Amino acid sequence: MPGTVAAPRGGVLRDLHDRYETVRDALSRIDKAAAGLGLPDISTRLIEDNGTSDRRGPEVQYLEIFAVSLATHHMLVAEGIQPIAIVGQSIGELWALAAAGHLPVEDAARLAVARSQALTRQSWRGKMLAVGVDGRRAESLAGLIDHPHLVLACENAPRQSVISGPEELIRHVERVADALGWPSLPLDVPHPTHTPAMAQAARDLRATAPRVAYGSGRWRVRSPWLGRDVGDDDPVDLVAGALTARVRMLQTVRELHAAGADIFVECGEWPVVTKFVEASIPGVRCVVPLSESDPVGAVRALAEDPAAIGPFSSRPPVRPSERLLPSARVSAPESADPPSAVALAEAPARVSAPVPAASAYYAEPAAPAAPVAPPVSAAPPAPPVSYAPPAPVTVDAPAAPVTPVAPVTPAAPVDAVAQPSGGLDYETVLAELRTLYGDFLGYPPDLLGEDDGLESELGVESLKQVTLLGRVSERYDLPDLRSDTSLLTAGTLRRIAEGVVQGRAEAAG
């Protein structure tokens, strides 16, 4: 269940609220707890889409995420999906404890608010940065600065990690990552955590949070920071301990898969944890019901015939004649044998920037050498990076001296596209953006719809969006464009094209 992701969209739970008594009961319990803490109603915006702002403070944001996660879990159970384990990342572990029955829903809501308030009281000026490398390199990157509060916070996938630390030091880390060619993304979270800097907030939480009743629960809860199942652990101590601990989602996912989990179901609104799962275990089957046009239908299909649910694909292969649709995420299974188990994957914060499930990795080609008298020594390849442009052209060095060869014309660099045309009207900019994004992602430009969500529909994960937006910013000489986070959280080619046209118009006076 989600940790600190973006606030859910209005009306997301309307259908589930109408269908399931267990969902209505869970939402009522969360509303009751919120009212007792002086907070506004939680469920109304999620059921009615009444236009209420989604910016109502961190406590409300956490409880809305809890509500969506718990409602999705109850839908799964009502339709016959029985998990072998429930996993939560960061504060999502609290949602998992409530879903599994380790503690009452009201107590989980109160504890979430107490956690938020303790973090707010500490008022730490910190930041979290997602980096597109493995945990070992991310830890070494943080270690270059050698500050006790700057640490590797999350190991999400083989090439996706999160560093947490003081804000000014994170800016240094970001510059170093950029110099190394490692993609990075500052995470927009109300409370940076998973660093020793949170020790004060953890002590505060243990001292002030109300103690809650807890028991063994109905299902296993696997803790990515403890590295084991939750047993007879006090929930307050669990939540406080996680504030300073590293989250090892990569290890947890692989352990569950080795133990028999063949399907991972994400109890969040968008594919977040499932992208980590797919990057960690290629070919595994993942389902994100709320991201489908018919969430209940997707769950029923899974319950009736698990083998019919193929590997979730952030961006399936496309034929030129096909249009990209949000529902085109399910493809044929790897085998006809039904999976033996299901693991519910709680979605983490958008905090953790997603890595695509099926990324193709390549080695950056060395710069082409000018013609020289042979023999020619092949330059060593650059370190591998995690984006997939067209394969480089390679030239084998001759085995023995021969007469000089004519110069080889180097292949155009991945981001080499024509300079912007003189006219910066919307249609021209949109066409140029389709070419730039299509060349980078390897998709025909005419299949990139102007209103397709870059992440939710086209599967372009956040770190790639950062890279692409940086190229757009450089191409049109709009340095402020790359810092517009709204183009990352709800990005479409239409919004980016409009931003470019408006920015160039303002620059022209």
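So, here is what we can say about the structure in this document.

Description of the sheet that holds strand β2 (residues 126-131)
Here is step 1: With respect to topology, five strands assemble into an open sheet ordered β5-β2-β4-β3-β8, the strand pairing being mixed. At either end of the open sheet lies a strand with only one pairing partner, and these are β5 (184-187) and β8 (247-248).
Here is step 2: Across six bridges, the pairing between β2 and strand β4 (residues 160-166) is antiparallel. Each bridged residue has a counterpart across the sheet, and for M128 the counterpart in β4 is S164.
Here is step 3: The strands touched by helix α15 (residues 462-475) within the sheet are β2, β4 and β5, with β5 carrying the most contacts at an inclination of about 110°.

Some remarks on the packing of helix α14 (residues 426-441) against helix α17 (residues 493-507)
The description of two packed helices rests on the angle between their axes and on the distance between the axes.
Here is step 1: Running from N to C, α14 and α17 cross one another at 125°; their axes reach a closest spacing of 9 Å. The orientation of α14 with respect to α17, classified from their angle, is oblique. Crossing geometry of α14 relative to α17 is assigned as right-handed. Contacts between α14 and α17 involve Y426, V429, L430, L433, R434 and Y437 from the first element and L493, R494, I496, A497, E498, V500 and V501 from the second.
Here is step 2: By residue class, the composition of the contact of α14 with α17 is ten nonpolar, no polar and three charged.

What about the packing of aromatic side chains?
Here is step 1: For the coordinates displayed, the defined rule picks out one aromatic pair.
Here is step 2: Where F66 meets W95, the ring centres are 4.6 Å apart and the plane angle is 15°; that geometry is what we call stacked. Taken together, the positions of F66 in helix α4 (residues 58-78) and W95 in helix α5 (residues 92-100) put the pair 29 residues apart, joining distant regions of the chain. Grouping residues by exposure puts F66 and W95 together as buried.
Here is step 3: The ring of Y62 has R115 sitting right over it, with the charged end atom 5.7 Å from the ring centre.

Some details on the side chain of T492
Here is step 1: Mapped onto the secondary structure, T492 falls in the loop between α16 (486-489) and α17.
Here is step 2: T492 gets classed as buried once you look at its relative accessible area, which sits at 12%.
Here is step 3: Setting aside its immediate chain neighbours within four residues, T492 contacts E450, D451, D452, G453 and L454.

Here we look at the packing of α14 against α15
Here is step 1: Two numbers describe how α14 lies on α15: the axes approach to 11 Å, and their chain directions differ by 140°. The angle between α14 and α15 falls in the class oblique. For the element pair α14 and α15, the recorded crossing hand is right-handed. Contacts from E432, L433, L436, Y437, F440 and L441 of α14 reach α15 at K464, T467, L468, L469, R471, V472 and R475.
Here is step 2: Looking at side-chain class alone, the contact of α14 with α15 contains eight nonpolar, one polar and four charged residues.

A few points about α15
One full turn of an α-helix is made of 3.6 residues, so residues set three or four places apart face in the same direction.
Here is step 1: Its 14 residues give α15 an end-to-end C-alpha distance of 20 Å, which sits within 8% of 20 Å, the value for a rise of 1.5 Å per residue.
Here is step 2: Taken across its 14 residues, α15 has ten buried, putting it largely inside the fold.
Here is step 3: Following α15 by one or two positions, D477 adopts a phi angle in the positive range, close to 55°.

What counts, and at which threshold
- Residues numbered from 1 in each chain as written.
- Predicted model: local features only at pLDDT ≥ 70, side-chain atom pairs only at ≥ 80, totals over all residues.
- Heavy atoms only, no water.
- Pairing = 2+ DSSP bridges.
- Helix = DSSP H or I, 4+ residues; strand = E, 2+ residues; numbered from the N terminus.
- Contact = heavy atoms within 4.5 Å.
- Axes fitted to C-alpha atoms, helices over the stretch in contact; angles between N-to-C directions.
- Parallel < 35°, antiparallel > 145°, perpendicular 65-115°, else oblique.
- Left-handed = near helix turned anticlockwise from the far one by under 90°.
- Nonpolar A, V, L, I, M, F, W, Y, C, P; charged D, E, K, R; others polar.
- Phe/Tyr/Trp six-rings, centres within 6.5 Å; stacked < 30°, edge-to-face > 60°.
- Buried < 20%, exposed > 50% of the residue type's maximum accessible area, 1.4 Å probe, protein only.
- Lys NZ or Arg CZ within 6 Å of the ring centre and 35° of its normal.
- Expected span 1.5 Å × (residues − 1).

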